[in-house]
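# Overview (structure and organization)
Residues per chain, in single letters:
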Amino acid sequence: MAFDLIIKGGTVVDGSGLPGWRADVGISGDRIAEVGDLSGQGAEEVIDAEGHVVAPGFIDGHAHYDAQVFWDEIGSNICWHGVTTAVMGNCGFTLAPCAEADKRHVFTNLEMAEEIPPAAMEAGIPWSWETFPEYMDTLDRLPKGLNYASYVGHSAIRTYVMGERAFEGPAGADDLTALCREVEIAMKAGAIGFSTTCSANHRTADGGPVASRYADWSEICTLVETMGDLGAGVFELSRGIVNVDPDERAEEIERLKALAIDSGVPCTFGGAWSNRRNPDNWRPQFAMVDEVTAAGGHMLVQATAAWNGSLRSFETFMPYDNAPVWKEFRTLPLDEQEKGLRDPEMRARLVEVARNHKRETDPSLNNVMLREVDWNWIFPLYNTLPPFRSVAEIAAERGTDPIEAMIDMALERHLKLFFLAPTNCEDQDYVLAMLRHPNTAVTFGDSGAHIQTIVNPVQADLLGNWVRQKQAITLEAAVRKITFDIAAFWGLKDRGLLRQGWFADICVFDPDTIAPDMPELVHDLPTGAHRILQKAVGIKETVVNGEVLMRGTQHSGQLPGRLLRGALADA
């Protein structure tokens, strides 16, 4: 038979975890037609995959493209990382349900918590919906390179039902009835589940809690049980419990365990549970997951593949930006800042303030400025895969103090050098434990959010560092962690495996070179505001629904992506 596309001569790693084998993949329309020896078979296009791995398209299960999808057709950054499907609406933040007149409510929830500029959302989102079904129909019509699925967000339904009262306290009985109704409406329109946050990191621009953080646990349970009654959907929770009292952590574990078992709803959450101040927090967390699984429940940890933290630079944020002298200095154009840092008098003033700096406590400030400056855990990003060398280590070699060394290193790159500052998952033994646990998937990328401080290229980190450099996990196991394990848990039908009759979402990559590329700052938001981009190296082609979306990091011009609706939309 003649195919539309043949991917020829690669090593097929099919997402199952089984050993790879040399084979061709024939594609007809949007489906895989055959996997095997297709010698002599014809196709309109042939991709030479010799020396490359042919895998299912990677899936990003923790994304925030809710706003960006309206102005970015190709889905950057993840389109450059072999991703073919993204699950958005995490942490309770969605753009629906919401009437256009009330959109400031959803902007309020997204502005600080996910660091998406309101002006960009205002300029880039042509509002055409109120209800969640109307919103899903809008997403369906958008031209897009990737596949997207979406939760319905707790903060969104709270502000839709309760208005300003959503930022004041718990829901009343009538409110709760209305909230349950909105969850049911969204699920029947194709929402993939319900998401919320209890994390103190999720704040509004004035430093207050986002809407869902005013809910009590019984409200969350009732909304999750609504999905249980419907027999469909995933519950996603942003927990943020690393630094709280041990007794409070234990109580939270018991509540979540009971909800997962009693409701029967699959539960998922991010695995940033461990930091250098609380190195063993992750152990009771995994015990909870194991106990829920043993009791017949379903839990999946959204694991990372590297440190969880943020990027700092003079182009974006520095930890001293709200401090005296720095605050005024940092408003200058970048070239003027470079001149100032080369001026001995101005530099001395800035250094003196930095040496005496105390951690900011104003919750309306960016998280970068609220964290301690520990030079042993700040790393100039000269390379994108470990090993990294800290500012403290480099300063000691240079015979200077860390703030002076940091400024010198930044000046050497005309202030365009990024510094990586981990805040969670510093213990790489813990990260490896996550990668190897049966109830994890590598998917905590946060793509589309924190666009001025974070890019988490988890797929390239996993394949470049843990598979190639450390050889701590097999290629086949790693591919499963970013494909089938995610598709199966979220119910993404006929995706996540290379099988005859399944959708042709495929990533072709070079296992000897795949890695994150260097990050860069660009000014491409609808208002011209900036964000960090980070591409990948070693990815040859990305195929979505049978069509080539990316050739390397170049867009093919095709937009084959689709909205993927949850199971109840087909009922």
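I will try to describe carefully the structure that is included in this document. Residue positions are given per chain, counted from 1 along the sequence in the order it is written. Predicted model: local features are reported for residues with pLDDT of at least 70 only, side-chain atom pairs are reported and counted for 80 or more only, and whole-chain, interface and lining totals are derived from all residues. To obtain the side-chain values, all non-hydrogen atoms of the structure were included, while hydrogens and water were left out.

Within the protein chain, the secondary structure is distributed over 18 helices and 25 strands. Rg of the C-alpha trace for the protein chain: 23 Å, near the compact-globule value of 25 Å for 571 residues, within the 12% margin. For every residue, the accessible area obtained with a 1.4 Å probe (protein chains only) is divided by the maximum for its type, and the residue is called buried under 20%, exposed over 50%, and partly exposed between those limits. Going through the 571 residues of the protein chain one by one, you find that 62% of them count as buried. A separation of at least 24 residues holds for 75% of the contacts in the protein chain among residues at least 6 apart in sequence. Per-residue and other accessible areas follow the Shrake-Rupley method at a 1.4 Å probe size, with only the shown protein chains counted as cover for residues. Total accessible area computed for the protein chain in this model is approximately 20900 Å², and 49% of it derives from carbon and sulfur atoms. His residues and chain termini do not enter the charge count, which takes Lys and Arg as positive and Asp and Glu as negative. The atom standing in for a charge is NZ when the residue is Lys, CZ when it is Arg, CG when it is Asp and CD when it is Glu. Within the protein chain, the 82 negative side-chain charges are centred at a point lying 3 Å from the centre of the 49 positive side-chain charges. To qualify as a helix, a DSSP run of H or I must reach at least 4 residues; to qualify as a strand, a run of E must reach at least 2; elements of each kind are numbered from the N terminus. When we talk radius of gyration, it's over C-alpha atoms, and the globule rule is simply 2.2 Å times the number of residues to the 0.38. Any two residues having at least one pair of non-hydrogen atoms within 4.5 Å are treated as being in contact.

Moving on, we get to the sheet that holds strand E15 (residues 379–380). The strands making up a sheet associate through backbone hydrogen bonding, with each pair oriented either parallel or antiparallel. If DSSP finds at least two bridges between two strands, the strands pair. Ordered in space as E14-E16-E15, the three strands form an open sheet in which the pairing is antiparallel. Sheet topology places strand E14 (308–312) and E15 at the edges, where each strand pairs with a single neighbour.

By size, the foremost hydrophobic cluster in this structure holds 107 residues, and its most contacted members are Phe235, Leu463 and Phe509. Non-local contacts of Phe509, meaning those with residues more than four positions away in its chain, are made with His52, Val53, Ala55, Phe58, Leu463, Leu475, Val479, Ile514, Gly538, Ile539 and Lys540. Grouping buried Ala, Val, Leu, Ile, Met, Phe, Trp, Tyr and Cys residues that are joined through side-chain atoms within 4.5 Å yields what is termed a nonpolar core. Membership of the second largest hydrophobic core comes to 28 residues, among which are Trp326, Val391, Ile403 and Leu411.

Turning to the sheet that holds strand E10 (residues 193–197), a few remarks are in order. If you trace the six strands from one edge of the open sheet to the other, you get E9-E10-E11-E12-E13-E17, paired in parallel fashion. Every interior strand has two partners, whereas the edge strands, strand E9 (152–153) and strand E17 (440–442), have only one. Every axis corresponds to a line fitted to the C-alpha atoms, with the helix fit spanning only the stretch in contact, and the corresponding angles, defined between N-to-C directions, vary from 0 to 180 degrees. Packed onto the sheet, helix H7 (residues 246–263) meets strand E11 (234–238), strand E12 (267–270) and strand E13 (299–303) and runs at close to 170 degrees relative to E11.

Quick look at unusual backbone geometry now. Leaving glycine aside, a negative phi is the common case for residues, and trans is the common case for peptide bonds. Here the bond from Ser76 into Asn77 is cis, since omega is 15 degrees, no more than 30 degrees from zero. Considering the arrangement of structural elements, one finds Asn77 in the loop between strand E6 (58–60) and strand E7 (83–88). For the bond from Ala96 to Pro97, the omega torsion is 0 degrees, close enough to zero to count as cis. Assignment of secondary structure puts Pro97 in the loop between E7 and helix H1 (103–111). You will see that His414, though not glycine, has its phi angle at about 55 degrees, which is positive.

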